Amino acid sequence: MRRVMVTGMGLISPLGLSLKTSWENCRAGRSGVARVTKMNMEPYATKIAAEVKDFDGLKYFDAKEINRYDVAVQYSFAAAMDAFEDSRLKITRTNAERVGIIIGSGIGGLKNIYDTSVLVATEGPRRVSPFFVPGAIINTCSGYAAIRFGAKGPNYSVVSACATGNHAIADGFHAIRRNEADVMIVGSSEAAINPLGFAGFSAARALSKRNDEPQRASRPFDIDRDGFVMGEGAGVFVIEEYEHAKSRGASLYAEILGCGMSADAYHITAPAENGEGAARTMKLALEWSGVRPEEIDYINAHGTSTTIGDIAETQAIRAVFGPHADRLAVSSTKSMTGHLLGAASSLEAAFTILALKDGVLPPTINLDKQDPQCDLDYVPNIARRRDIRLALSNGFGFGGTNTSLCLRKAE
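Small disclaimer: the values here were computed from a predicted structure and weren't measured.

This paragraph deals with the sheet that holds strand E14 (residues 401-409). Read across the sheet, 10 strands follow the order E5-E4-E6-E7-E1-E8-E14-E13-E9-E10 without closing on themselves; strand pairing throughout is mixed. Looking at strand neighbours, the two that pair on one side only are strand E5 (155-156) and strand E10 (329-331), the edges of this open sheet. Alignment of strand E13 (residues 390-397) against E14, held across 8 bridges, turns out to be antiparallel. From the neighbouring strand, Leu390 faces E14, where its bridge partner is Arg408. Docked against the sheet, helix H5 (residues 140-149) engages strand E4 (99-104), E5 and strand E6 (183-190), running at close to 145° with respect to E4. Along the sheet face, helix H10 (residues 307-321) touches strand E9 (298-300), E10 and E13 and points at about 140° away from the line of E13.

Bringing the packing of aromatic side chains into the picture now. Any pair of aromatic rings gets described here by the distance separating the centres and the angle formed by the planes. Within the structure shown, the criterion is met by 14 aromatic pairs. Taken together, a centroid distance of 5.8 Å and an interplanar angle of 35° make the contact between Phe61 and Tyr69 tilted. When sorted by exposure, Phe61 lands in the same class as Tyr69, which is buried. Centre to centre, the rings of Phe61 and Tyr144 are 5.1 Å apart; their planes meet at 20°, and the pair counts as stacked.

Moving on: the environment of Leu252. Structurally, the position occupied by Leu252 is in the loop between helix H8 (242-247) and strand E8 (254-263). By relative accessible area, which is 29% here, Leu252 ends up partly exposed. As a C-alpha pair, Leu252 and Lys409 span 157 residues in sequence and 9.1 Å in three-dimensional space. Once residues within four sequence positions are removed from consideration, Leu252 is found in contact with Met5, Val6, Thr7, Tyr242, Ala245 and Ala410.

Below, the discussion takes up helix H1 (residues 19-27). An α-helix turns once per 3.6 residues; consequently, residues spaced three or four apart project the same way. Listing the buried residues of H1 in full gives Leu19, Ser22, Trp23, Asn25 and Cys26. Take H1 and look down its axis: the buried residues cluster within an arc of 165°, on one side only. In the core, the buried residues of H1 are packed alongside strand E1 (4-12), helix H11 (334-337), helix H12 (344-358) and strand E11 (360-361). Immediately beyond the C-terminal end of H1, within one or two residues, lies Gly29, with a positive phi of roughly 75°.

This part is about the environment of Trp23. Residue placement: Trp23 occurs in helix H1. When its relative accessible area of 5% is taken as the criterion, Trp23 is described as buried.

Reading the values: the criteria
Residues numbered from 1 in each chain as written. Predicted model: local features only at pLDDT ≥ 70, side-chain atom pairs only at ≥ 80, totals over all residues. Heavy atoms only, no water. Pairing = 2+ DSSP bridges. Helix = DSSP H or I, 4+ residues; strand = E, 2+ residues; numbered from the N terminus. Contact = heavy atoms within 4.5 Å. Axes fitted to C-alpha atoms, helices over the stretch in contact; angles between N-to-C directions. Phe/Tyr/Trp six-rings, centres within 6.5 Å; stacked < 30°, edge-to-face > 60°. Buried < 20%, exposed > 50% of the residue type's maximum accessible area, 1.4 Å probe, protein only. Arc of directions from axis to C-beta.

Any functional reading would require information that these geometric values do not contain.
This is the structure:
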């Protein structure tokens, strides 16, 4: 059986423009939520989000091409470049066909789509850039990175709402297991903080309106939660077959053991009753990984800060782990980052991997009064030192799609 290791990671997040800074702020329990600065918020009831701050695309793109690509593509390539450099991987003519890329997004180039729609309506179709379509479509996240890196292996994008990152990682994992590649660059990106994105989620009544306390607005498992906070950013990983990584002296962050996937087949936005679909996906992740429930030490929860979602995930964890659920540490890093939509599970997988590596469990901040129906150990408010060996990272999405990654500390 070909083992799959994580050998590089890159993050662009509301907590920082690098893996190191994002993790430091996560461990410290700092919130990335604030009043929105990127658009006029007067028409919207919600006026807060977890924006990426001070991002300079010119570090990654030249001045001639940067405006061709949506912000989601820019974030994805920035994170991919950082992961690539972190891994110290070299792509040559000899190995190029054995290196693939799968970077997805839940929505993709929404800002470009919105801006171009306004342009067509106000100035006519002749003003549309010939780069509009390739600059906005989701698979440009993978295609552009392949061109820059020279990676000629499997190349496509995954689109599965808020489970996108986990699905991209899982697809890369399976490509390596099937011997279709030795290295896969995988992850996801999202940049939906714009008028169209805000209008859509506002209409769905999904967003927190705690505008006067932005940093306290995302509060998974707390009785006073009132919806999720939109976030943006990207997380990308270099994952690699173990012997290949070992032969080149790569540093190992963690091992990917498996991924469970399921569908609720219940409702387009709400989770299945009692978290039934989420429970099945965690069970499958354990079964495919050859891990017993009582061996899991930590779960990075999907934990969005929505009323029914947090309860359903808690019920799912109890259904899978039984009495061991009371010994598990569970946290939602969305309490600090907001909900990055299609980029969420990539960011959270990175935090889970770093928790394994460093022996530090990130906190669930703003957990002041725990919902009685959310009755697990959510590592409230302060990070916890604890050596852990095995963890799950959950990602669930609109359409009823569920994923759970099983990760092991590098040994």
